[in-house]
Amino acid sequence: MRRRTPPPPSPLPQRDGVDAVRVRLPGDGQWATVREHLVERFGAARAGIVEGMFAAGRIVGADGRAVAPDTAYVPGMFVWFHRDLPAEEPVPFPLEIVYRDDHIVVADKPHFLATTPRGSHVTETALARLRRELDLPALGAAHRLDRLTAGLVLFTVRPEERGAYQTLFRDRRVRKVYEAVAPYDPSLALPVTVRSRIVKERGTLTAREVPGEPNAVSRVELLEHRADGRARYRLTPQTGQTHQLRVHMSALGIPILGDPLYPEVTAPGPAGDFRRPLQLLARELEFTDPVTGAAHRLLSGRTLAAWSSYDGWDGGQ
């Protein structure tokens, strides 16, 4: 099997903890110049932006030199540039470090902070923050948590070791335990292991259960409940489908408090609205380090506000 040649390193430094965009020119292109390809690639509406970036020398080649707009198109050529990013609403909650060594960083992520840059969340992400705060530009994420979910996320310090840690999650060799606050249903027999088939189409906000071979398995246990109708649950996923725990809790008739998608999609709040966070917390990670052989059992120090201070959570204080 022919090995794929890795791309050259970026000639541009990170900006605010975010990598430059890398574009590889297609091998079957018929464009005369690099400019023609980029204008077509990014659309006529952004042609003026592309022209301005060329004029400012912001599009560079592997040698770090500015690429002229009339540079001949070369199939397989790489170019880099930094996007102009809109101002992002700061997420006003700390990102705590639970564990750090020469190979990994495990952070305790707050609600509302995305794990990695995506869409409108770029500099206000856990990865970008940690790269800046720890001065670790090569830091990468071994897995992800939803932006609305709080708790433990594992990052890798060395790019050449990232695959080993990602494989831990792929092969289900990491024990993950979550905690949630949701309604109490005395008629629901717990603990229960939920098995279903979950699919999520690209471009849709929600995942859904469909008939077929199960690809999502979650164990749901009741930890305690209160007379006001709330309960605290331990959730142990055995698989990692998108929104799996949220879908399964909703299907049981006990949707997680603060969930804007399940059982019904609600209108998004305004930018900077950090009230009523989703009451789901990645409480525990347990694994054997594939590089050092060390056994780790790491715990989040966060609490779920709807359990510890319901009035404050419900009132958005």
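These lines cover the structure that appears in this document, whether it is placed above or below. The shown structure was predicted, so the numbers you read here are calculated from the model rather than taken from an experiment. (Residues numbered from 1 in each chain as written. Predicted model: local features only at pLDDT ≥ 70, side-chain atom pairs only at ≥ 80, totals over all residues. Heavy atoms only, no water.)

## Structural notes on the overall build of the protein chain
To be explicit about the condition: Numbered from the N terminus, helices here are DSSP runs of H or I no shorter than four residues, and strands are runs of E no shorter than two. For the exposure calls, accessible area comes from a 1.4 Å probe over protein chains only, and a residue counts as buried if that area is under 20% of its type's maximum, exposed if over 50%, partly exposed in between. The contact criterion used throughout is that any non-hydrogen atoms of two residues lie within 4.5 Å. Note on areas: Shrake-Rupley, 1.4 Å probe, and residue coverage restricted to the protein chains presented here. We treat Lys and Arg as the positive residues and Asp and Glu as the negative residues; His and chain ends play no part in the count. The atom standing in for a charge is NZ when the residue is Lys, CZ when it is Arg, CG when it is Asp and CD when it is Glu.
The helix and strand tally for the protein chain stands at seven helices and 13 strands. In terms of its C-alpha atoms, the protein chain occupies a principal-axis envelope of roughly 70 × 45 × 40 Å. Put simply, the protein chain has 317 residues, and 44% of those count as buried. In the protein chain, the proportion of contacts linking residues at least 24 apart, taken out of those at least 6 apart, comes to 62%. Taken as a whole, the protein chain presents about 17,100 Å² of accessible surface, with 49% of it coming from carbon and sulfur. One finds the centroid of the 43 positive side-chain charges in the protein chain at a distance of 4 Å from the centroid of its 38 negative side-chain charges.

## Notes on empty space enclosed by the protein
Which entries qualify depends on this criterion: The rule is simple: put a 1 Å grid over the protein atoms alone, call a set of points where a 1.4 Å probe fits but cannot get out a cavity, call an open set with protein on both sides within 12 Å along at least five of seven lines a pocket, and count a residue as lining if it has an atom within 4 Å of a point. Grid points are joined across faces, edges and corners, and a volume is the space filled by probe spheres set on the points. Amino acids are sorted into nonpolar (Ala, Val, Leu, Ile, Met, Phe, Trp, Tyr, Cys and Pro), charged (Asp, Glu, Lys and Arg) and polar (every other residue, Gly among them).
Within this structure, the stated rule accounts for one cavity of 30 Å³ or more. Reported here for the largest cavity is a volume of approximately 70 Å³. Residue lining of the largest cavity: Arg-15, Asp-16, Val-18, Asp-19, Val-21, His-82, Arg-83 and Leu-85, and that is the complete set. Residue classes in the lining of the largest cavity are distributed as three nonpolar, one polar and four charged.

## Re a positive patch on the surface
The criterion, for reference: Excluding any residue in a salt bridge, patches collect residues exceeding 30% relative accessible area, merging like charges within 9 Å and nonpolar Val, Leu, Ile, Met, Phe, Trp and Tyr side chains within 5 Å. When a carboxyl oxygen of Asp or Glu is within 4 Å of a side-chain nitrogen of Lys or Arg, the pair counts as a salt bridge.
Together, Arg-118, Arg-144, Lys-200 and Arg-202 make up a region of like positive charge exposed at the surface. The topology assignment puts Arg-118 in the loop between strand S4 (104-109) and helix H3 (126-134).

## Remarks on the pattern of salt bridges
Close approach of charged atoms lets side chains of opposite charge pair. According to the stated counting rule, one finds 21 salt bridges in the structure shown. A cluster of three or more residues bridged by salt bridges with shared partners is formed by Arg-175, Glu-284, Glu-286 and Arg-297.

## Points about the packing of helix H1 (residues 34-42) against helix H2 (residues 47-55)
The cut-off we apply is this: Only C-alpha atoms enter the line fits that serve as axes; for helices the fit covers just the stretch in contact. Angles between N-to-C directions range over 0 to 180 degrees. The handedness criterion is simple: a crossing whose near helix is rotated anticlockwise from the far helix by less than a right angle is left-handed, and one whose near helix is rotated clockwise is right-handed.
Packing of H1 against H2 leaves a shortest axis separation of 9 Å and a crossing angle of 145°. Every pair of crossing elements has a handedness; the one defined by H1 and H2 is right-handed. On H2, the residues touching Val-34, Arg-35, Leu-38, Val-39 and Phe-42 of H1 are Ala-47, Val-50, Glu-51 and Phe-54. For the contact of H1 with H2, a count of residues per class yields seven nonpolar, no polar and two charged.

## Quick word on the layout of surface pockets
Once rolled over the atoms, a probe with the size of a water molecule shows which space is left empty. The volume enclosed by the second largest pocket comes to roughly 550 Å³. In this structure, the second largest pocket is lined by 23 residues; those nearest its centre are Asp-19, Thr-116, Pro-117, Leu-127 and Arg-131. Of all the secondary-structure elements, those providing two or more residues to the lining of the second largest pocket are H3, strand S5 (140-141) and helix H4 (162-170).

## Quick look at the nonpolar core
Where we set the bar: Put simply, a nonpolar core is a bunch of buried Ala, Val, Leu, Ile, Met, Phe, Trp, Tyr and Cys residues held in one set by side-chain atoms that sit within 4.5 Å of each other.
Membership of the largest hydrophobic core comes to 34 residues, with the highest contact counts inside it found for Leu-139, Phe-155, Tyr-233, Leu-235, Met-249 and Leu-280. Elements supplying a minimum of two residues to this core: S4, H3, strand S6 (150-156), strand S7 (175-183), strand S11 (230-237), helix H5 (244-251) and strand S12 (280-288). Among the elements that take part in this core, H3 stands out by supplying four residues, more than any other. The residues touching Phe-155, leaving out its near neighbours within four places in the chain, are His-103, Ile-104, Val-105, Ala-107, Thr-115, Ala-126, Leu-127, Leu-130, Leu-139, Gly-140, Ala-141 and Ala-142. Counting 15 residues, the second-largest nonpolar core is a separate cluster that includes Val-39, Ile-59, Met-77 and Val-79.

## Considerations on H3
Owing to its 3.6 residues per turn, the α-helix aligns residues three or four sequence positions apart on the same side. Of all nine residues in H3, seven are buried, a share of seventy percent or more. When we look at burial in H3, the residues that qualify are Ala-126, Leu-127, Ala-128, Arg-129, Leu-130, Arg-131 and Leu-134. In this structure, the buried residues of H3 make contact with strand S3 (96-100), S4, S5 and S6. Of the residues trailing H3, Asp-135 is marked for its positive phi of about 55°.

## With respect to the packing of aromatic side chains
Filter applied, for reference: For Phe, Tyr and Trp, where Trp contributes only its six-membered ring, two rings pair if their centres lie within 6.5 Å, and the inter-plane angle classes them as stacked under 30 degrees, edge-to-face over 60, or tilted in between. As a reminder, the over-ring test applies to NZ of lysine and CZ of arginine, requiring each to be within 6 Å of the ring centre and within 35 degrees of the ring normal.
A complete count under the given rule lists seven aromatic pairs for this structure. On the numbers, 5.6 Å between centres and 45° between planes, the contact of Tyr-310 with Trp-313 is tilted. A residue pair is termed a helical-turn pair when its members lie 3 or 4 positions apart in one helix, as Tyr-310 and Trp-313 do in helix H7 (residues 310-315) at three residues. Taken together, the aromatic side chains of Phe-93, Phe-112 and Phe-274 make up a single cluster linked through ring pairs. Across from the ring centre of Trp-307, 3.8 Å away, lies the NZ or CZ of Arg-226, which sits over that ring.

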